[in-house]
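# Structure at a glance
The lines below spell out each chain.
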Amino acid sequence: GGTYHAFFQYTPEHPRKLVYWGHATSRDLTRWDYHAPAILPDTHQDANGAYSGTAIEVGDHEELWYTGNYKDPETGEREATQCVVTTADMVHFDKQVPPIIGRQPEGYTAHFRDPQVWRDVDGSYRMLLGVQRENLTGAALLYRSSDLRTWECEGEMTFPDADGAFDAFGYMWECPNLLSFGDYDVLLFCPQGVPARAYDRQNLYQSGYIAGHASMDAMEMLMHGRFKELDHGFDFYAPQVVTHEGRHILIGWMGMPDREDDYPTRAEGWMHSLTLPRVLTLRQGHIFSEPVHELKALRHRE
């Protein structure tokens, strides 16, 4: 209806790391209004946080997919589940209990999160998740469903022409996003544990992409080049993309997990921010980004 909805990881009980889904709306991508949180960590499945995910329009309603995080208070053992909240008006949000996917498949740890859900060209639904294998390496895992409620794990996204470059590329992949740019596809993801080198990968955790040709049936991506960072610097992470009217609009997190002491604004009662929204284009295998044109409305002089 002409309104953009931004959902974001929100910890109003800081320093307690209990993650909600915050909610803000805008008509022009420049001025934003805050609303009550859309997802509260108020059930067993998300008692230790409602983690990142995605939104999808389904008929007359929308569904917010997220990862529920629960940690046993005595053993510290983690449970990661894939959960859904439905809404018909983007004001009232109804959580489905129990979770839709109750645990990770065999061969993976409970670091199993950040679902991207979309409808494929064949009418089925697909889910892409960031995971950690039991050998402590990262990967992207694909599921398929006909009704968004019963899911079958199909296996990992593979890179057959990468000469094994992604067999042990970090110890965990977060926030996967698969995008189409016409003739090319792009997999955005955030590998954790990839070492820095020279002027690259200076973040604590990285955020980048692989361009190529993806096949959902073969669950593979034929590459065009190497892994490239989306943004150089020290505070860019966990970007998400919405595709609207032909534009891939990216908003990232200006902040870094596990480094709270680095942010002096904590003394003012807030930490971290979101980046300006940017439009992604792909040229010769490289992603280029520029601020959305709506931001020109904020200019007062040349």
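Residues numbered from 1 in each chain as written. Predicted model: local features only at pLDDT ≥ 70, side-chain atom pairs only at ≥ 80, totals over all residues. Heavy atoms only, no water.

A word on the nonpolar core. Met 157, Phe 159, Phe 166 and Phe 189 are the most contacted members of the largest nonpolar core, which totals 20 residues. Those elements that provide at least two residues to this core are strand 10 (138-145), strand 12 (172-181), strand 13 (184-192) and strand 15 (220-223). Other than its neighbours up to four places away in sequence, Phe 159 contacts Phe 166, Trp 173, Leu 187, Ile 210, Met 221 and Met 223. Residues Ile 56, Leu 129, Ala 139 and Leu 141 belong to the second largest nonpolar core, which totals 18 residues. (Core = buried A, V, L, I, M, F, W, Y, C linked by side-chain atoms within 4.5 Å. Buried < 20%, exposed > 50% of the residue type's maximum accessible area, 1.4 Å probe, protein only. Helix = DSSP H or I, 4+ residues; strand = E, 2+ residues; numbered from the N terminus. Contact = heavy atoms within 4.5 Å.)

Relative to the helices and strands, Leu 179 is located in strand 12. For Leu 179, a relative accessible area of 5% puts it in the buried group. Measuring from C-alpha to C-alpha, the distance between Leu 179 and Glu 156 comes to 17 Å, with 23 residues separating the pair along the chain. Discounting chain neighbours no more than four positions away, the residues touching Leu 179 are Tyr 184, Asp 185, Val 186, Leu 188, Val 241, His 248 and Leu 280.

All told, the structure shown has zero disulfides when counted by the stated rule. Cys 83 takes part in no disulfide bond, and the closest cysteine sulfur to it belongs to Cys 175, at a distance of 16 Å. In this model Cys 175 remains outside any disulfide bridge; the closest cysteine sulfur is found in Cys 190, 5.0 Å from its own. (Disulfide = S-S within 2.5 Å.)

Quick look at the sheet that holds strand 1 (residues 4-10) now. Strand order in the open sheet formed by three strands is 1-2-3, with antiparallel pairing between adjacent strands. Two strands lie at the open edges of the sheet, namely strand 1 and strand 3 (33-39), each paired on one side alone. Strand-to-strand twist in this sheet, taken as the mean axis angle between neighbours without regard to direction, amounts to 30 degrees. Bridging between strand 1 and strand 2 (residues 20-26) involves seven bridges; their strand directions are antiparallel. The partner of Tyr 4 across the bridge, within strand 2, is Ser 26. (Pairing = 2+ DSSP bridges. Axes fitted to C-alpha atoms, helices over the stretch in contact; angles between N-to-C directions.)

For the rest of this paragraph, the subject is the layout of surface pockets. Estimated volume of the second largest pocket: approximately 170 Å³. Lining the second largest pocket we find Arg 197, Asp 200, Arg 201, Tyr 209, Arg 226, Phe 227, Lys 228, Glu 229, Leu 230, Asp 231, His 232 and His 286. Counted by class, the lining of the second largest pocket contains three nonpolar, two polar and seven charged residues. (1 Å grid on protein atoms, 1.4 Å probe; cavity = no way out; pocket = protein on both sides within 12 Å on 5 of 7 lines; lining within 4 Å. Points joined across faces, edges and corners; volume = space filled by probe spheres on them. Nonpolar A, V, L, I, M, F, W, Y, C, P; charged D, E, K, R; others polar.)

As for its placement among the helices and strands, His 248 is situated in strand 18 (residues 247-254). Since its relative accessible area comes to 9%, His 248 is described here as buried. Those residues in contact with His 248 that sit more than four places away from it in its chain are Leu 179, Ser 180, Phe 181, Val 241, Val 242, Thr 243, Arg 278, Val 279 and Leu 280.

What follows concerns the packing of aromatic side chains. Throughout the structure, instances matching the rule amount to 18 aromatic pairs. Considering the side-chain rings of Phe 8 and Tyr 10, the 5.9 Å spacing of their centres and the 65 degrees angle between planes classify their relative orientation as edge-to-face. Measuring from ring centre to ring centre gives 6.4 Å for Phe 169 and Phe 189, while their planes differ by 65 degrees; the resulting arrangement is edge-to-face. Highlighted residues: Phe 169 in the loop between strand 11 (151-156) and strand 12 and Phe 189 in strand 13, separated in sequence by 20 residues. (Phe/Tyr/Trp six-rings, centres within 6.5 Å; stacked < 30°, edge-to-face > 60°.)

Taken in spatial order, the four strands line up as 8-9-10-11 in an open sheet, and their pairing is antiparallel. Whereas interior strands pair on both sides, the edge strands pair on one side only; in this sheet they are strand 8 (108-119) and strand 11. When strand polarity is set aside, the average angle formed by the axes of neighbouring strands in this sheet is 30 degrees. Both strand 9 (residues 125-133) and strand 10 contribute to a ladder of eight bridges, which runs antiparallel.

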